[in-house]
Structure formats: structure tokens, C-alpha cells
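Fold and geometry: a report
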Amino acid sequence: MDWTRDGSDWPNREHSRFVRHRPHFWHIQEAGVGSVVLLLHGTGGASHSWRDVFPILANDYHVVALDLPGQGFTRMGARQRCGLDSMSQDIAALLDGEGLLPDAIVGHSAGAALALRLVRDLKRPPKAIVGINAAVENFKGVAGWLFPMMARMMALNPFSAPEISRWLGNATGVEYMIAGIGSRISPEGLALYRRLVADRNHTDATLAMVAQWTLDGLWHDLPGIEVPTLLLVGETDRAVPPASSARAAARLPRAEIVRMPGLGHLAHEESPDDVTALISAFLTAHLG
């Protein structure tokens with residue numbers, strides 16, 4: 001994604017800045033004062049995913065959202081560092097370098113796995129974690145066949161990123177994909193996802209992340225993560241089965257689950273006010 005070409009109307013662009021911190025060139029959005037709350041998007045997303053959540057939380061907290069390596073407007077500097085452990089280490093180093101040690105982390109899907117892995121890599125663990133349709137088991141549901149299929153395509157065909165971008169970036173590709181994960185979002189949201197997936201560098205980075213992603217180590221470590229954790233579960237999510245959050249909660253010592261009827265994988269984009277209210281209540285209880 002090119003900021004000059006694609007960033008002129010990017011959500012919350014007035015809060016955007018860019019940071020060179022090896023190995024990547026990061027896009028960060030930052031607003032508000034108070035306890036630091038880090039927002040981490042899921043696979044194939046970007047900071048736009050928090051477009052409505054970000055300004056609400058910034059009323060009470062110092063909110064930081066970033067684009068993962070190669071996705072959105074963050075330029076990937078090392079393709080081999082797109083797996084869970086490497087990405088967590090690089091985010092922790094970036095936050096330390098910027099003086100942004102998070103008091104809480106809110107992660108969507110794979111971003112929730114990153115939030116839990118950051119407990120190990122940050123200089124001090126956060127006081128609270130919120131996972132929205134947390135993908136902390138190896139891919140199941142729709143993701144169980146779609147993401148490995150994309151990774152295999154990338155391994156077999158180096159030109160598959162442009163091909164996937166053309167497939168998803170057409171008039172109906174994004175609508176089909178988002179309906180397939182059980183969500184209904186606004187025309188604005190659809191247009192932003194269409195812009196993302198039409199960019200072959202973004203798609204290439206997404207494929208690199210998928211190809212390197214494994215959650216076996218994190219799953220093993222969950223019983224040792226003592227941070228209070230809220231798992232928000234969209235009951236119509238077809239990408240991450242709701243039962244996955246129940247299994248994760250059983251392994252986490254201090255987890256609770258809230259189910260959200262009628263919402264799918266992109267619950268925070270479908271109903272941002274309701275989801276943010278749940279996040280805020282949990283953060284208030286643990287951050288004060």
C-alpha cells in the first residue's frame with residue numbers, strides 16, 4: 001500500500017505516523033492520553049479494522065494501533081519474520097523503542113494470539129488482554145482450508161499473490177470472502193478491504209504470515225499466562241469456531257468469555273459501539 005496513493009482518506013489518518021524500526025518500516029496510529037492500549041488487527045487486515053473502535057477508546061486511553069509487517073501501510077523489511085514468535089519480538093522491540101509499553105492489548109483473530117505471545121516478549125506483561133474471535137488454535141473452520149490453500153499456492157507459484165489480489169479485489173470477491181466468515185459490514189468497510197486485497201504487496205505479506213504461522217507453542221504456554229483475559233465471541237463466526245475460544249478459556253487461568261449473538265468474525269466492525277462498550281468495561285475493571 002502506498003500512503004500517497006491510498007492514504008488520503010484512510011480512517012483516522014490524522015493520527016498516523018511512520019517509524020523505521022528494524023527490520024520493518026511501521027505505520028502506527030496513536031491518540032488519547034492515559035493508560036496505553038494496543039490494538040492488533042488480524043491476518044490480512046490493517047488499522048482500518050479499528051476505525052470506529054479507535055476514537056471511542058481514545059476518549060479514555062492512550063490508544064496505539066499498528067499495521068502488521070507488510071500489511072496495510074507497514075513495509076516489510078524481512079520476509080522470514082512473519083511468524084508468531086518473530087512478529088511478537090519485533091512488535092515488542094518497536095514498542096520499547098517508542099516508549100509505548102502497553103497496559104492492555106486488544107487483538108482481533110490472529111492479533112489475539114500476538115497479544116498473548118507478547119506477554120512473554122514485553123518488558124512487563126500487560127494488565128489486561130481482550131481477544132475478539134481469538135485465533136489461538138491452528139486454523140480451523142473456513143480458515144482451516146482457505147489459509148493453508150493460500151500458503152500452498154504461494155509455495156508452488158511465486159505469482160500467486162497478484163492472482164489472489166485480482167480474485168479478491170474484483171467487484172464481488174471481498175463481499176464473498178466477508179460473507180463467508182459470517183460478517184456483514186458497511187459499504188465503506190467493504191471498499192477498504194477491497195483496496196487492501198487489491199494490493200499485491202499486502203496480499204504477499206498476508207501469505208507469508210499464513211505460511212509461517214504456527215500456534216503449537218502458544219497453545220502449550222496458555223496455562224502459564226496469568227493476565228486477566230476477556231474473550232469476545234461472535235456466535236456467527238465461520239472463520240474461528242466459537243468453540244475454539246471456549247477451549248482457550250479452559251487453558252487460560254484468568255479468562256472469561258462473552259458471547260455476542262448475531263455477530264461474525266468482524267464483530268468489532270459490525271457493531272463497534274457494543275463491542276467497544278464490552279472492551280471498555282473490562283479495561284475499567286483492570287486498569288482503573
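The residue numbers shown here count from 1 along each chain, following its written sequence. The predicted origin of the model limits local features to residues at a pLDDT of at least 70 and limits the giving and counting of side-chain atom pairs to 80 or more, whereas totals for whole chains, interfaces and linings rest on all residues. Note that water and hydrogens are dropped before the side-chain values are worked out from all heavy atoms of the structure.

Re the overall build of the protein
Test applied: Think of it this way: any DSSP run of H or I at least four residues long counts as a helix, any run of E at least two long counts as a strand, and we number them from the N terminus. Only protein chains enter the calculation, and the probe is 1.4 Å; a residue is then buried if its accessible area is under 20% of its type maximum, exposed if over 50%, and partly exposed in between. We call two residues in contact whenever any of their non-hydrogen atoms come within 4.5 Å of each other. Only the protein chains shown count as covering a residue, and every accessible area follows the Shrake-Rupley method with a 1.4 Å probe.
The helix and strand tally for the protein stands at 13 helices and eight strands. Here the protein holds 288 residues, and the buried ones make up 58% of them. Restricting to contacts in the protein with at least 6 residues of sequence separation, those with at least 24 account for 77%. When the accessible surface of the protein is totalled, it reaches about 11400 Å², and 53% of it is carbon and sulfur.

Details of the nonpolar core
The criterion, for reference: Each nonpolar core is a collection of buried residues, namely Ala, Val, Leu, Ile, Met, Phe, Trp, Tyr and Cys, held together in the definition by side-chain atoms within 4.5 Å.
Membership of the largest hydrophobic core comes to 42 residues, with the highest contact counts inside it found for Leu66, Ile91, Trp213 and Leu218. Elements supplying a minimum of two residues to this core: strand S2 (24-31), strand S3 (36-40), strand S4 (62-66), helix H3 (84-97), helix H4 (110-121), helix H9 (200-212) and helix H11 (242-251). It is H4 that provides the largest number of residues to this core, a total of eight residues. Core analysis: the second largest hydrophobic core is formed by 26 residues, Leu39, Val63, Leu283 and Leu287 among them.

Let's talk about the packing of H3 against H4
Short version of the rule: Angular values range over 0 to 180 degrees, each being the angle between N-to-C directions of two axes fitted as lines to C-alpha atoms, with helices fitted over their stretch in contact. Should the near helix be turned anticlockwise from the far one by less than a right angle, the crossing is termed left-handed; should it be turned clockwise, right-handed. In this count, Pro and Cys sit with the nonpolar residues alongside Ala, Val, Leu, Ile, Met, Phe, Trp and Tyr, while Asp, Glu, Lys and Arg are called charged and the others, Gly among them, polar.
One way to put it is that H3 packs onto H4 with a least axis distance of 9 Å and a crossing angle of 65 degrees. H3 and H4 meet at a crossing whose hand is right-handed. Here Leu84, Asp85, Met87, Ser88, Gln89, Ile91 and Ala92 of H3 come into contact with H4, specifically with Ala113, Leu114, Arg117, Leu118, Arg120 and Asp121. When grouped by side-chain class, the residues that make up the contact of H3 with H4 number seven nonpolar, two polar and four charged.

Description of the packing of aromatic side chains
The condition that has to hold: Classification of ring pairs uses Phe, Tyr and Trp, with its six-membered ring standing for Trp, and accepts pairs whose centres are within 6.5 Å; under 30 degrees between planes counts as stacked, over 60 as edge-to-face, and the remaining range as tilted.
Under the defined criterion, the tally for this structure stands at four aromatic pairs. Centroid distance tryptophan 10 to phenylalanine 73: 4.9 Å. Interplanar angle 90 degrees. Geometry classified as edge-to-face. With a gap of 63 residues between them, tryptophan 10 in the loop between helix H1 (3-6) and strand S1 (16-21) and phenylalanine 73 in the loop between S4 and H3 connect regions that are remote in the sequence. The exposure class assigned to tryptophan 10 is buried, which follows from its relative accessible area of 2%. Residues phenylalanine 18 and phenylalanine 25 carry aromatic rings whose centres are separated by 5.8 Å and whose planes lie at 10 degrees to one another, so their mutual orientation is stacked. Put simply, the rings of Trp3, Trp10, Phe18, Phe25 and Phe73 touch in pairs and so form one group of aromatic residues.

Side note on the pairing of strand S5 (residues 104-108)
Two faces, one strand: in a regular strand the side chains alternate between the faces of the sheet. The condition is simple: DSSP bridges decide pairing: two strands pair if at least two such bridges lie between them. Orient the strands so they point away from the viewer, and a crossover whose first-strand-to-second-strand path over the helix runs clockwise is right-handed.
In terms of burial, S5 is largely enclosed, as five of its five residues are buried. Of the strand pairs in this sheet, S3 and S5 are connected by four bridges, and their pairing is parallel. Considered in S5, the bridge of leucine 40 is made with glycine 107. Here five bridges tie S5 to strand S6 (residues 128-132), and the two strands are oriented parallel to one another. Residue histidine 108 lies in a different strand from S6, and its bridge partner there is isoleucine 132. Each parallel crossover has a hand, and the one from S5 via H4 to S6 is right-handed.

Observations regarding the side chain of aspartate 67
Worth spelling out the cut-off: We call two N or O atoms a polar contact when they sit within 3.5 Å, provided that within protein one can donate a hydrogen and the other can accept it, with sequence-adjacent residues counted only if both atoms are side-chain atoms.
Its location among the elements puts aspartate 67 in the loop between S4 and H3. In this structure the side chain of aspartate 67 is engaged in a polar contact, spanning 2.7 Å, whose partner is the backbone nitrogen of serine 47.

Regarding the pairing of S1
One ladder, built from six bridges, connects S1 with S2; its direction is antiparallel. Within S2, the residue paired with phenylalanine 18 across the bridge is histidine 27.

Description of H9
The following threshold applies: In a helix, the anticipated span is given by 1.5 Å times the number of residues less one.
Compared with an ideal rise of 1.5 Å per residue, which puts 13 residues at 18 Å, H9 spans 18 Å between its outermost C-alpha atoms and is within 8% of the ideal. Every buried residue of H9 is accounted for by His202, Thr203, Asp204, Ala205, Thr206, Leu207, Ala208, Met209 and Val210. Of the residues flanking the start of H9, the one acting as N-cap is aspartate 199, its side-chain oxygen 3.1 Å from the backbone nitrogen of asparagine 201.

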